[in-house]
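# Notes for the structure review
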Amino acid sequence: MRKILICETTREEREQIVAESLDALEAACEGGAPNAAAMYQAYIDGEKELRDINREYNARYVAGMQGMERGGCGWAR
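Position labels on residues start from 1 in each chain and follow its written sequence. Given that the model is predicted, a residue must reach a pLDDT of at least 70 before its local features are reported, and side-chain atom pairs must reach 80 or more before they are shown or counted; all residues, however, enter totals for whole chains, interfaces and linings. Side-chain numbers here rest on the full set of heavy atoms in the structure, without hydrogens or water.

### Quick word on the environment of A19
We count a stretch as a helix when DSSP gives it H or I for four or more residues in a row; a strand needs E for two or more, and each element gets its number in order from the N terminus. Looking at the secondary structure, you find A19 in helix α1 (residues 11–28). Considered as a pair, A19 and A37 are 18 residues apart in the sequence and their alpha carbons are 8.1 Å apart.

Here's what the structure looks like:
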């Protein structure tokens, strides 16, 4: 299994993890998710784990789409 925790990865590896994930998202959704990269900057910078960012996003989405909003396959502000 691929390591993704901040303590187990370098900044470069985290950048690659996010880039690969966004590439997969773009391939699955026409137009991709242009603002999704900004959502994961805290992970790249080593400030928040992926699971925490995703948990926060899901909580906002369920609570009424505050902050980053999901529209179809992409995100918008």
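Anyway, onward from the coordinates.
### Points about α1
Any helix carries an expected span of 1.5 Å times its number of residues minus one. Spanning 18 residues, α1 covers 26 Å between terminal C-alpha atoms, matching the ideal 26 Å at 1.5 Å per step. The set of residues buried in α1 consists of R14, I17, V18, L22 and L25. What you see down the axis of α1 is that its buried residues fit within an arc of 120°, all on one side. Every exposed residue of α1 that faces more than 90 degrees away from the buried side is listed here: E12, D23 and A27. Each residue gets one of three labels from its accessible area relative to the maximum for its type: buried under 20%, exposed over 50%, partly exposed in between, using a 1.4 Å probe on protein chains only. Of all possible arcs, the one meant is that of the directions from the helix axis to the C-beta atoms.

### Focus on the side chain of R14
Take R14: it is sitting in helix α1. Positive: Lys, Arg. Negative: Asp, Glu. His and the chain ends are not part of the count. Any carboxyl oxygen of Asp or Glu within 4 Å of a side-chain nitrogen of Lys or Arg constitutes a salt bridge here. No salt bridge is formed by the buried R14. Its closest oppositely charged neighbour is E13, at 6.6 Å. Any N or O atom pair separated by 3.5 Å or less is treated as a polar contact, with the protein-specific requirement of one donor-capable and one acceptor-capable atom, and with residues adjacent in sequence counted only for side-chain atom pairs. A polar side-chain atom of R14 sits 3.5 Å from the main-chain carbonyl oxygen of I6. In this analysis, two residues are considered to be in contact whenever any of their non-hydrogen atoms come within 4.5 Å of each other. Once residues lying within four places of it in the same chain are set aside, the contact partners of R14 are I6, T9, Y43, I44, D45 and G46.

### A look at the pattern of salt bridges
Tallied over the full model, the rule gives 5 salt bridges. Between E15 and R11 there is a salt bridge; the shortest N-O distance is 3.4 Å. Of this pair, E15 and R11 both sit in helix α1, 4 residues apart, which is roughly one turn of that helix. Residue R11 is classed as partly exposed on the basis of its relative accessible area of 35%. Notably, a salt bridge pairs K48 with E56, separated by 2.8 Å at the nearest N-O pair. The class for K48 is partly exposed, based on a relative accessible area of 32%. What emerges from the salt-bridge pattern is a single network uniting R11, E15 and D45.

### What about the side chain of T9?
If you trace the backbone, T9 turns up in the segment before α1. Taking relative accessible area as the criterion, T9 reaches 11% and is therefore assigned buried. There is a polar contact of 3.0 Å between the side chain of T9 and the backbone oxygen of L5. Setting aside its immediate chain neighbours within four residues, T9 contacts K3, I4, R14, I17 and Y43.

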